[in-house]
Amino acid sequence: MISGRRAGLVGSYEALKKYGVYLLSQVGDTFVPCISVDDPGFFLYVPLLSNVLGVDVLEGASIFVALISLSVGIAFAALAIFLGRSLLAKITGLLIACLIALKINTVCDVYSGLALAFVPLPFLLIAFERKSYQWLFMGVFLLGFLGSVSGLIRSWSELPVYLFGGIFLFFDPYFSKNKKLIALLFALMGAALPLAHYQYVLYKKNHFLISQQLEPVEKMGHHFWHNVYIGFGFTRNPYGIIWADECSVMAARKIVPGISEGNPEYNAIKRRQVIDFLKNDRHFFFTSLFARFGVIVMFFLVWFGWLGLLCSYFYSKPWYQECAFFLAFATSALPGLITLPVFQYIEGFVVCTVLYVIYSLIIALNAGMINDVSFLFRKMLKKLYRGTKAYLSHYSDL
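Residues numbered from 1 in each chain as written. Predicted model: local features only at pLDDT ≥ 70, side-chain atom pairs only at ≥ 80, totals over all residues. Heavy atoms only, no water.

**Thoughts on the overall build of the chain**
Summing up its helical and strand segments, the chain has 17 helices and two strands in all. For the chain, buried positions account for 49% of its 398 residues. Accessible surface, the chain as shown: approximately 20,200 Å² in total, 67% of it carbon and sulfur. Counting 32 positive and 22 negative side-chain charges, the chain places the averaged centre of each group 12 Å from the other. (Helix = DSSP H or I, 4+ residues; strand = E, 2+ residues; numbered from the N terminus. Buried < 20%, exposed > 50% of the residue type's maximum accessible area, 1.4 Å probe, protein only. Areas by Shrake-Rupley, 256 points an atom, 1.4 Å probe, with all protein chains shown as cover. Lys, Arg positive; Asp, Glu negative; His and termini not counted. Charge placed at Lys NZ, Arg CZ, Asp CG, Glu CD.)

**Regarding the nonpolar core**
Among soluble globular proteins, nonpolar side chains are generally buried collectively. Core analysis: the biggest nonpolar cluster contains 88 residues, and F76, L79, I100, L136 and F325 have the highest contact counts within it. For this core, the element with the highest residue contribution is helix α16 (residues 347-366), accounting for 12 residues. Excluding anything up to four places from it in sequence, F325 contacts L125, F164, C352, L355, Y356 and Y359. Membership of the second largest hydrophobic core comes to 12 residues, among which are I230, I241, V274 and F284. (Core = buried A, V, L, I, M, F, W, Y, C linked by side-chain atoms within 4.5 Å. Contact = heavy atoms within 4.5 Å.)

**Concerning helix α4 (residues 87-104)**
The terminal C-alpha atoms of α4 lie 26 Å apart, and with 18 residues this matches the ideal 26 Å at 1.5 Å per residue to within 8%. A89, G93, I96, A97, I100, A101 and I104 are the residues of α4 that are buried. The arc that holds the buried residues of α4, viewed along the axis, is 140°, so those residues lie on one side. Exposed and facing more than 90 degrees away from the buried side of α4 are L87, L95 and L102. Against α3 (57-83), α5 (112-116) and α16 lie the buried residues of α4. (Expected span 1.5 Å × (residues − 1). Arc of directions from axis to C-beta.)

**Overview of unusual backbone geometry**
Phi is positive for L23, which is not a glycine, with a value near 70°. Residue position: L23 is located in the loop between α1 (3-19) and β1 (24-27). Of note, the phi angle at W156 is positive, near 70°, even though the residue is not glycine. Looking at where W156 falls in the secondary structure, it is placed in the loop between α7 (133-153) and α8 (159-171).

Shown next as structure tokens:
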């Protein structure tokens, strides 16, 4: 966890224990925001969990991420257990689910929100495969609820799963329009609960500040174009760009001396600088983007994405399911494509890849993939045997 978030968590937890108010940190006689525009929920849920369990806030952060990784593991394991017809399908799905859960648990930071968003999707897949209304209503409620929670933990992390769920719900031919409408209402109710709670926490925070005769404080955070700009530090470049906030700020100060990140003009400067790369140095611009794209593809292959593609090629799924998956791939890969293609930023993409692999593999195994592979293998052995026999017979006659 970066030092700024660690300090924010510690400060917010101390303010919570002293005043019973979330999302604030006391500095001397005044209060400052401990939340950012990117991850307000992290500074709400971690102190809340730590307070409930009575543990140190940093220990609470570790427990928080462990619970998310456990949730992903259980959800993906449920997909294998409830959809897999053979023992091989169940065991393979369980092993892959354990691998991704263990990997998620190694990143103790706000990026865990990217993984949390995908927890409801296995339940939706079970609902559509089993044609079950109970699984459907539970899945869409969790989709709305955990989507909102993940969006508060990490901004926009809910977008891939909302698009995924929307495509499944709209194009699935089995469920009636009335059932789909009820499912949509369940999703909206689930999404409203975390947002309502967050607004209530903000209200209490601002009410506390007013009672202390202080002005409500705004959220801190990076501008979008700030992250896009320093993302070009991923590759060697003639502009001296590296992945560091100070690098971006210093570049802006060459244009407007003394400007800070919080200045409204700062975002406009960063936007102009990125557009200048596109206009004046397209080779550098696209080389950097394709380098990041290549690393993301590598992550896809390392996490068995190739196996999912092979299974989907030979044992196809309905077209709308493939579209939902690849739209989720595209949107969950964007944070790594515009910033850095490291696991933290594309955690959602990796989790989506693992979900795609498990689901595609189960579909293939249920359709008799083992028998088909066994038949092809025996056929190849027979051809090899006949060819070898003919070859030896030919040379023995000589």
